[in-house]
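Below are the chains, spelled out letter by letter.
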Amino acid sequence: MDWSPNRARGLARLAEFLPAAGRRYADERNHDNGPADGGRSNVSQLSPWLHAGLMGETEVLEAVLARHSPHAAEKFIAEVFWRIYFKGYLEQRPAIWAGYCAGRDAALAAMERNSGLRTAYAEATEGRTGITAFDVWAKELVETGYLHNHARMWFASIWIFTLKLDWQLGADFFLRHLLDGDAASNTLSWRWVAGLHTKGKHYLARPNNIARYTAGHPQGPLSAEGLAGDAEPLSEPTEYSRRLPDLPPPVTAADLAQPFALLLHDEAAHHAALALPAAPALVIGASRPEARSPGTIGTPAARFTAGAIAGGLAEAEEAFGCPSIEWREGEPIEPLLAAAGVDRLAVPYLPAGWTRDALAPGLSDLAEQGRVSTLLNPLHRATWPHAKAGFFGVAKQIDALLGGCGIGGG
Ligand SMILES: Cc1cc2nc3c(=O)[nH]c(=O)nc-3n(C[C@H](O)[C@H](O)[C@H](O)COP(=O)(O)OP(=O)(O)OC[C@H]3O[C@@H](n4cnc5c(N)ncnc54)[C@H](O)[C@@H]3O)c2cc1C
């Protein structure tokens with residue numbers, strides 16, 4: 001698989017996958033056929049480009065609906081909405097992210113004090129547990145930065161219920177290595193497997209299910225020895241209350257009538273997915289992959305992130321005929337704007353999670369002075385209010401949301 005971190009490669013992957021986005025995806029998406037060339041033609045593998053904002057959900061849905069009927073593409077469309085649902089859910093309960101960070105740091109500190117835990121963690125993350133399937137996935141994740149959705153579920157389940165490791169350490173391991181490492185999808189999916197997202201309902205990996213859906217894997221069917229046959233879901237004392245934040249109003253050309261700078265960040269690395277109403281006079285890149293974790297970010301994920309922002313800046317320079325600069329960690333942003341003679345900054349919405357943690361503090365003065373215009377994707381704006389509890393609340397609105405946003409001729 002060519003994981004080049006640029007928009008052209010994301011669009012090319014979308015074009016390759018499109019014929020399979022209908023019934024084939026519905027029938028075959030659960031099979032993990034391994035990373036060999038062509039093995040993954042049953043799923044899109046678009047998540048790294050979507051996460052980085054090199055492409056947007058709207059253009060993916062448009063392309064799929066231009067090729068397939070809404071009925072044939074129902075399963076694929078629903079999966080894209082899972083991504084938006086998780087984003088919206090975390091926006092309404094950002095304390096879940098803060099709780100995860102605190103729990104992760106406590107679990108890392110506990111591991112420092114306990115050599116048995118350190119050994120168990122090293123065996124799991126280096127693929128030396130003796131559980132064949134799990135070890136294959138641990139190595140694949142570190143080497144490639146990608147795992148199939150089913151493998152992520154099985155891996156998380158074995159981590160929590162068989163190896164009995166802290167779920168937050170597993171989520172951190174994923175976030176450090178996944179090309180698509182996303183605070184919302186990752187944290188909430190780990191919580192879902194653990195039984196914390198849908199309280200009391202956890203996901204137990206079964207050897208026969210793993211063997212069945214890895215039959216086409218080059219090393220498959222993968223065996224999974226000694227899995228916990230029964231385990232209680234995890235529980236926690238914290239109740240996370242819900243509140244939809246005040247979402248920023250749509251940004252119009254009039255808002256950006258004066259020269260302004262556009263900020264590109266790790267979840268919005270390309271201008272084309274932003275539908276900007278005016279052209280910027282300066283483009284500023286801010287990549288903060290180290291904010292994902294206190295640990296080291298895997299090489300494939302670090303390369304993807306750095307490449308996405310570098311390419312995004314170069315393409316914006318060319319498209320708008322304007323200069324670009326990097327906003328480095330710890331540097332004040334105001335002098336960068338002043339030097340370019342611009343007063344206002346257009347900022348793609350900073351989602352709850354590490355992207356917001358890393359960038360919002362450095363933008364707070366500008367925001368207080370009313371000099372920030374926040375760009376929020378219309379499909380996210382429309383969907384998030386429905387992401388209150390389970391996915392069903394979003395699922396039943398999908399047709400109306402597509403129609404309301406004019407996607408698929410609606
Ligand atoms: C424990 C665990 C951790 C995960 N961590 C992440 C993460 O950090 N980042 C991430 O983007 N996804 C995460 N996922 C969700 C899902 O596994 C990936 O989005 C998907 O495997 C990406 O592969 P794909 O692009 O081929 O997906 P496809 O099956 O082709 O789906 C198309 C798109 O829909 C979205 N999508 C599909 N399934 C899901 C899902 N279950 N939840 C949310 N969005 C979905 C993705 O953007 C994906 O690119 C996680 C799932 C689990 C179980």
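Residues numbered from 1 in each chain as written. Predicted model: local features only at pLDDT ≥ 70, side-chain atom pairs only at ≥ 80, totals over all residues. Heavy atoms only, no water.

Caption draft 1: Just the domain arrangement of the chain, in detail. The assigned domain composition of the chain is domain 1 (7–92 + 384–404), domain 2 (97–213) and domain 3 (254–376). Averaged C-alpha coordinates put domain 2 and domain 3 at centres separated by 31 Å. Listed per partner, the contact involves 17 residues of domain 2 and 15 residues of domain 3. Of the roughly 1200 Å² buried at the junction of domain 2 and domain 3 (both faces included), carbon and sulfur atoms supply 54%. Three residues, Trp97, Arg176 and Leu179, lead the burial of domain 2 against domain 3; their summed loss comes to 47% of the area buried on that side. (Domains from an automatic or database assignment. Contact = heavy atoms within 4.5 Å. Buried area = accessible area lost by both parts, 1.4 Å probe.)

Caption draft 2: Representation of the layout of surface pockets in the model. Within this model, the largest pocket holds a volume of roughly 1100 Å³. The wall of the largest pocket is formed by 35 residues, among which Tyr25, Glu79, Trp82, Asn149 and Arg152 lie closest to the centre. For the lining of the largest pocket, the elements supplying multiple residues, two or more each, are helix 3 (47–52), helix 5 (74–92), helix 9 (149–162) and helix 11 (183–194). Ranked by residue count, the leading element in the lining of the largest pocket is helix 5, at eight residues. Of the residues belonging to the lining of the largest pocket, the class tally is 18 nonpolar, ten polar and seven charged. Estimates place the volume of the second largest pocket at around 710 Å³. Listed by contribution, the elements that provide at least two residues to the lining of the second largest pocket are helix 4 (57–67), helix 5, strand 5 (372–375) and helix 16 (378–383). The leading source of residues in the lining of the second largest pocket is helix 16, at four residues. When its residues are assigned to classes, the lining of the second largest pocket shows 19 nonpolar, seven polar and seven charged. Taken domain by domain, the makeup of the lining of the second largest pocket includes at least three residues from each of domain 1 (7–92 + 384–404) and domain 3 (254–376). (1 Å grid on protein atoms, 1.4 Å probe; cavity = no way out; pocket = protein on both sides within 12 Å on 5 of 7 lines; lining within 4 Å. Points joined across faces, edges and corners; volume = space filled by probe spheres on them. Helix = DSSP H or I, 4+ residues; strand = E, 2+ residues; numbered from the N terminus. Nonpolar A, V, L, I, M, F, W, Y, C, P; charged D, E, K, R; others polar.)

Caption draft 3: Quick peek at the sheet that holds strand 4 (residues 344–348). Strand order across the open sheet formed by five strands is 3-2-1-4-5, with parallel pairing between neighbours. Each edge of the open sheet is held by one strand with a lone partner, namely strand 3 (324–326) and strand 5. Here the average twist between neighbouring strands, direction ignored, is 25°. Of the strand pairs in this sheet, strand 1 (residues 260–265) and strand 4 are connected by three bridges, and their pairing is parallel. When the bridges of strand 4 are listed, Leu262 appears paired with Ala346. Here helix 13 (residues 299–320) sits on the sheet and contacts strand 1, strand 2 (282–286) and strand 3; the angle it forms with strand 2, its principal contact strand, is near 180°. Packing of helix 15 (residues 354–368) onto the sheet brings it into contact with strand 1, strand 2, strand 4 and strand 5, and relative to strand 1 it is tilted by some 165°. (Pairing = 2+ DSSP bridges. Axes fitted to C-alpha atoms, helices over the stretch in contact; angles between N-to-C directions.)

Caption draft 4: Highlighting the packing of helix 5 against helix 11. Running from amino to carboxyl end, helix 5 crosses helix 11 at an angle of 85°, the nearest separation of the two axes being 8 Å. Classified by the interaxial angle, the pair formed by helix 5 and helix 11 is roughly perpendicular. Along the contact surface, helix 5 presents Arg83, Phe86, Lys87, Tyr89 and Leu90, while helix 11 presents Ala183, Ala184, Ser185, Leu188 and Ser189. For the contact of helix 5 with helix 11, the per-class residue count stands at six nonpolar, two polar and two charged. (Parallel < 35°, antiparallel > 145°, perpendicular 65-115°, else oblique.)

Caption draft 5: Summary view of the side chain of Arg93. Mapped onto the secondary structure, Arg93 falls in the loop between helix 5 and helix 6 (95–113). Of the side chains with opposite charge, Glu239 comes closest to the buried, unpaired Arg93, at an N-O distance of 7.6 Å. Only 2.7 Å separates the side chain of Arg93 from the backbone oxygen of Lys388, close enough to count as a polar contact. Contact partners of Arg93, with chain neighbours within four places excluded, come to Tyr240, Ser241, Arg242, Ala387 and Lys388. (Buried < 20%, exposed > 50% of the residue type's maximum accessible area, 1.4 Å probe, protein only. Lys, Arg positive; Asp, Glu negative; His and termini not counted. Salt bridge = Lys/Arg side-chain N within 4 Å of Asp/Glu carboxyl O. Polar contact = N/O pair within 3.5 Å; in protein donor to acceptor, adjacent residues only side chain to side chain.)

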